[in-house]
Amino acid sequence: MSADQEPLEFLAKNPWRPKEVTEDPDEEDEEDSDEAKNGFSLEEVLRLGGTKQDYLMLATLDENEEVVDGGKKGTIDDLQQGELEAFIQNLNLAKYSKSLIEEDEPEKKENTSKKEAKLPKVENKKQKAAEGKKKNKSVPEQHPESSTVFKAKRDKQPDAFEFLERQALLLKPGGKWYDMEYSGEFSLEPQPWDVVSKYKALAEKLYEQEVGLFKNKTSNQKGGSSTWMKAIVSSGTLADRMAAMILLIQDDAVHTLQFVETLLSLVRKKGSKQQCLMALDTFKELLITDLLPDSRKLRLFSQRPLHKLEELSSGNKDSRDRRLILWYYEHQLKHLVAEFVQVLETLSHDSLVTTKTRALVAAHELLCDKPEEEKALLVQVINKLGDPQNRIATKASHLLEVLLRKHPNMKGVVCGELERLLFRSNISPKAQYYAICFLNQMVLSHEESELANKLITLYFCFFRTCIKKKDIESKMLSAILTGVNRAYPYSQIGDDRVREQVDTLFKVLHVVNFNTSVQALMLLFQVMNSQQTISDRYYTALYKVFKCDYWM
């Protein structure tokens, strides 16, 4: 027998059991007795040309016991954490398993069961040990306590309206606030009131914390400009304070809403008219240049897509909170602008002409430049047509003409508001006259036939009223006829409606002044010429008017 066959014959005659390696010196006697019983020890393996690793590998093999997942049945649960991994790494099975897979891959495809039966049991146990290692890595150990905690966390739903304090600013200073990413989002659908109230309460807390963080950040900054700004805002002159507040608002409008409120309080404050007018001009310029968007009105908090907020933010709390802060700021700003318009209304009834004029001009500039509160501002300007002082009424008429030159599409809106003014119960004849004079100077086009029809109907209504009151010698009748003459070429009104007034016009010709007679003759000529029925009655009336009023 050769030397190479001696170890195999020795192993066949001397079966052994696996030996647990411990470091406890008290158990060395027991280990020696076990090795004596098995007839197998480390010295014998070394004597046969093996190594300590071969001894450890062979010590784990047992042909008489059932193997489960790469180890002895009943002993896996007794292993400590990491012990099995360390043992498998010491076996260095990777190179053996790789070579076996490459050599036996064709045969495994044909008959896997036969190949597994022919493999040595040692190799089967190596493969099972490797599979057990992969399984232990992929499937985490489940503990009853950890599963209970996970289930409790899963059952506990997060509160969408929970307020969480932050340590950093969510909105970066700089730029126009209405150019930010989330400022344009809105919803036309009605929002549930409970959802709106909860989100609004959360947004208020977030905004207050955001402003607090901004104040702390600016207060900790060291520099000449920041220190000077703080000193000027608190203890400077009125002009310097307003200038400093404007600069701070322009740098960061979202975090400086308190300065907007301060300026508004100065406008509202009773006392010095100079202070009030200075704050009025400052606030108006600030709204036009920095706070109000050009292409849209400010939106309320309830006009935001709150029902889709979580979807829009994709579950990101930072994105959600940024939206809430920005929407809440715009909501508060809209209320401040509405309060400013109310203050302008109060100032427009002041006893001083200067104050009324400045309030009227401020309302007109806001109306021309920004769409915010345009209805309230338009009503204010139109109402000044009935001001007791002629210079204010004339100023209002001129400002309305400037408005229509800048915004021709507002002709219909302005005419509608003037119509409500004309038919108001407590309106004065003077206010009606100024309104009619403004309307008869309005520039029309052939594309505005509906507006021309509306104006002619309005003029004839007041024409009949003047005839009933026998107020035929007033300036109102001349202004009405002037308006009909200017609107008739652009209208598509039925001739029957004009023909109803023809007899009345012929009667009026002989009792009114010369200017009113000329306006009536012009209107009659337009009506008859459009129908190509200029009668002798018209030429007779024309001859009498010019004979009596010109040649005589």
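Residues numbered from 1 in each chain as written. Predicted model: local features only at pLDDT ≥ 70, side-chain atom pairs only at ≥ 80, totals over all residues. Heavy atoms only, no water.

Participant: I would appreciate a short explanation of the overall build of the chain in the present structure.
Facilitator: Helix and strand counts for the chain stand at 27 helices and 2 strands. Carbon and sulfur atoms make up 51% of the accessible area of the chain, which totals about 33,100 Å². (Helix = DSSP H or I, 4+ residues; strand = E, 2+ residues; numbered from the N terminus. Areas by Shrake-Rupley, 256 points an atom, 1.4 Å probe, with all protein chains shown as cover.)

Participant: Which parts of the structure should I look at to understand helix α10 (residues 193-220)?
Facilitator: Each turn of an α-helix holds 3.6 residues, which means side chains three or four residues apart point in the same direction. The terminal C-alpha atoms of α10, which comprises 28 residues, lie 41 Å apart, in line with the 40 Å expected from a rise of 1.5 Å per residue. When we look at burial in α10, the residues that qualify are V196, Y199, L202, A203, L206, Y207, Q209, E210, V211, L213 and F214. Those residues of α10 hidden inside the fold are in contact with α13 (257-268), α15 (309-313) and α16 (317-347). (Expected span 1.5 Å × (residues − 1). Buried < 20%, exposed > 50% of the residue type's maximum accessible area, 1.4 Å probe, protein only. Contact = heavy atoms within 4.5 Å.)

Participant: What am I meant to see in the packing of aromatic side chains here?
Facilitator: For any pair of aromatic rings, the description consists of the separation of the ring centres together with the inter-plane angle of the planes. Counting across every chain of the model gives 6 aromatic pairs. Ring geometry for Y433 against Y434: centres 6.3 Å apart, planes inclined by 70 degrees, an arrangement best described as edge-to-face. With a relative accessible area of 18%, Y434 lands in the buried category. Pairwise contacts between aromatic rings join W177, Y178 and Y329 into one cluster. (Phe/Tyr/Trp six-rings, centres within 6.5 Å; stacked < 30°, edge-to-face > 60°.)

Participant: Would you take a moment to explain the environment of T394 for this structure?
Facilitator: Positionally, T394 belongs in helix α19 (residues 390-406). We classify T394 as partly exposed; its relative accessible area is 43%.

Participant: Please clarify how the side chain of S397 should be interpreted in this entry.
Facilitator: With respect to the helices and strands, S397 occurs in helix α19. Classification of S397 as buried rests on a relative accessible area of 13%. Not counting residues within four places of it along the chain, the set of residues in contact with S397 comprises L385 and F438.

Participant: Can you walk me through the packing of α13 against α16 in this structure?
Facilitator: At their nearest, the axes of α13 and α16 sit 10 Å apart, and the two run at 10 degrees to each other. With respect to α16, the element α13 is oriented roughly parallel. Of the residues in α16, those in contact with L257, V260, E261, L264, V267 and R268 of α13 are Y329, Q332, L333, L336, E339, F340, V343 and L347. For the contact of α13 with α16, the residue count by class is 10 nonpolar, 1 polar and 3 charged. (Axes fitted to C-alpha atoms, helices over the stretch in contact; angles between N-to-C directions. Parallel < 35°, antiparallel > 145°, perpendicular 65-115°, else oblique. Nonpolar A, V, L, I, M, F, W, Y, C, P; charged D, E, K, R; others polar.)

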